Protein chains: 2
Amino acid sequence: MDTTVLAKHIRLKVDLSDAEIEIVAAYFIEKDLPKKTILFKEGIIVDAIAFVVEGCLRSYSVDENGFEHILQFAPEGWWITDMLSVIKRQQSVLNVESIVDSKVFLLKRASQDELFDKVPKMERFFRILTENALCATRQRVIEGMSLTAKDRYINFCETYPDTVVNNIPQKYVAAYIGVTPEFLSKMRSQLYRS
Amino acid sequence: MDTTVLAKHIRLKVDLSDAEIEIVAAYFIEKDLPKKTILFKEGIIVDAIAFVVEGCLRSYSVDENGFEHILQFAPEGWWITDMLSVIKRQQSVLNVESIVDSKVFLLKRASQDELFDKVPKMERFFRILTENALCATRQRVIEGMSLTAKDRYINFCETYPDTVVNNIPQKYVAAYIGVTPEFLSKMRSQLYRS
DNA sequence: GGTGGAAAATAACATAGGTTAAGAAATCAA
DNA sequence: TTGATTTCTTAACCTATGTTATTTTCCACC
């Protein structure tokens, strides 16, 4: 199990010795996901969080009319799960699926609690990680209310890495910024014409 | 300084002795806010978080057309700040203001770091608090994409305590669910007619 | 208890974005 | 490669929500 990506990622936020990294890594379970594999399916009780080592996943909900809405893309170095299901131990409402061939490290909720006691810096790490995620999500709420669809699309292209913007189906981008694929297509043709 | 509300709130998530509560409480600064007082103003670098002991605050941004968008209401027992400004030490984009006469306890960022070292359970407390806030905010993103304005309004009324739903100006509710006051008014007349 | 200013209601009209449908282009399976 | 699916584009038409303007109601303050 190659922990380079994980170690580098954790050390962006907290200081861990090589020995500590080894302890931490031992709690993770490696899992390969071929393209379009569902990692967590709507309706189950999710009890792990996933760190993306390679590839890209997405989490999405399906509304009562059958439309998908994407909550999150998780390229390499990001975390993804249905957190509400994990912390409240309730049925999940999200699907988590690989968009391309991917590899994740899974951390079970029970392992996580144990890990926090053994390496308290990891509790700090997850606090900081969650604070950042909260800021980003709140930013998205504000943008959803104050920006036009075209501006949200431009923002999206500027914010997400090229691997996401250019290598995933456009309908996913539409489902993320909150418009129909048809309307995204129309916006794009307007943007590139002018 | 009456710490009843704060102690009760913290003990919902972590177990603290009376002695620990006292240590924690010593880090907070009490502040009274008459109605419509701005606690944190857009453009400053915010370096504290506020716990609402009494009353109700709101955080909002003003877009380039001068429209306000409300990110959060914080009635008694809630926390509020511009977290992005606090953690990134950058100029805030949010205003935080009391809607009615209120009382808050302020916790400075520096005090918070010190507190985490002295009472590690408080780091756990804030991790859990932030996880919950993240779930709620993500839920709001999904609702913004999948629900109609009328359903968002109904949801809002069912989710927030009566004190918020019935005691604050409707235009604030509109600025929270993401519609104009005029359209909220129209929706309400439709809802109550049928 | 009256008065001035904010908030809410109403209504006519405007528009961003959705819907439906059909064809073109890309991707996939064998 | 080829045929089958899925995705993307285009375009005509539709609807939820916004805009502007006017009127009515609600309060805060004298």
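Scroll up a little and you will see the structure.
For the structure given in this document, a descriptive report is provided here.

Rules behind the numbers
- Residues numbered from 1 in each chain as written.
- Chains lettered and ligands numbered in written order.
- Predicted model: local features only at pLDDT ≥ 70, side-chain atom pairs only at ≥ 80, totals over all residues.
- Heavy atoms only, no water.
- Buried < 20%, exposed > 50% of the residue type's maximum accessible area, 1.4 Å probe, protein only.
- Helix = DSSP H or I, 4+ residues; strand = E, 2+ residues; numbered from the N terminus.
- Pairing = 2+ DSSP bridges.
- Contact = heavy atoms within 4.5 Å.
- Buried area = accessible area lost by both parts, 1.4 Å probe.
- Salt bridge = Lys/Arg side-chain N within 4 Å of Asp/Glu carboxyl O.
- Polar contact = N/O pair within 3.5 Å; in protein donor to acceptor, adjacent residues only side chain to side chain.
- Nonpolar A, V, L, I, M, F, W, Y, C, P; charged D, E, K, R; others polar.

## Remarks on the pairing of strand 4 (residues 56-62) of chain A
Looking along a regular strand, one sees the side chains alternate between the two faces of the sheet.
Residues and elements named next belong to chain A.
Consideration 1: Of all seven residues that make up strand 4, six are buried, and the element is covered over most of its length.
Consideration 2: As paired strands, strand 4 and strand 5 (residues 68-75) are joined by seven bridges and run antiparallel to one another. The partner of S59 across the bridge, within strand 5, is Q72.
Consideration 3: Once strand 4 ends, the chain turns through five residues before running back antiparallel as strand 5, passing G66 with a positive phi of about 85°.
Consideration 4: Examined bridge by bridge, strand 4 and strand 7 (residues 95-98) share four bridges and lie antiparallel to one another. Note on strand 7: the bridge partner recorded for Y60 is N95.

## Remarks on the side chain of B:Q112
Residues and elements named next belong to chain B.
Consideration 1: Note that Q112 resides in helix 4 (residues 109-118).
Consideration 2: Since its relative accessible area comes to 3%, Q112 is described here as buried.
Consideration 3: Ignoring anything within four residues of it in the chain, the contact list for Q112 reads I49, L107 and F126.

## Some words on the interface of chain A and chain B
Consideration 1: With 35 residues of chain A at the contact, the number on the chain B side is 35 residues.
Consideration 2: Taken over both partners, the interface formed by chain A and chain B buries close to 3400 Å², and the fraction arising from carbon and sulfur atoms is 66%.
Consideration 3: Its largest share of buried area at the contact with chain B, chain A owes to A:R127, A:R138 and A:M145, together 19% of the area lost on that side.
Consideration 4: Inspection of the chain A/chain B interface yields eight salt bridges.
Consideration 5: Here B:E131 makes a salt bridge to A:R109, at a shortest N to O gap of 3.6 Å.
Consideration 6: Counting across the chain A and chain B interface gives four residue pairs in polar contact (both at pLDDT 80 or more).
Consideration 7: Looking at the side of chain A that touches chain B, the elements that each hand over two or more residues are strand 5, helix 3 (83-88), helix 4 (109-118), helix 5 (120-146) and helix 8 (170-177) of chain A.
Consideration 8: At 17 residues, helix 5 of chain A tops the list of elements feeding residues into the side of chain A that touches chain B.
Consideration 9: In terms of residue class, the side of chain A that touches chain B is built from 17 nonpolar, eight polar and ten charged.

## Let's talk about the sheet that holds strand 8 (residues 102-108) of chain A
Sheet strands pair via backbone hydrogen bonds, and the direction of the pair is either parallel or antiparallel.
Residue and element names in this part refer to chain A.
Consideration 1: Overall, antiparallel pairing links the four strands, which are arranged 1-8-3-6 in an open sheet. Lying at the two open borders of the sheet, with one neighbouring strand each, are strand 1 (29-33) and strand 6 (79-80).
Consideration 2: Pairing of strand 3 (residues 48-54) with strand 8, which is carried by six bridges, proceeds in the antiparallel orientation. Within strand 8, the position partnered with A48 by the bridge is K108.

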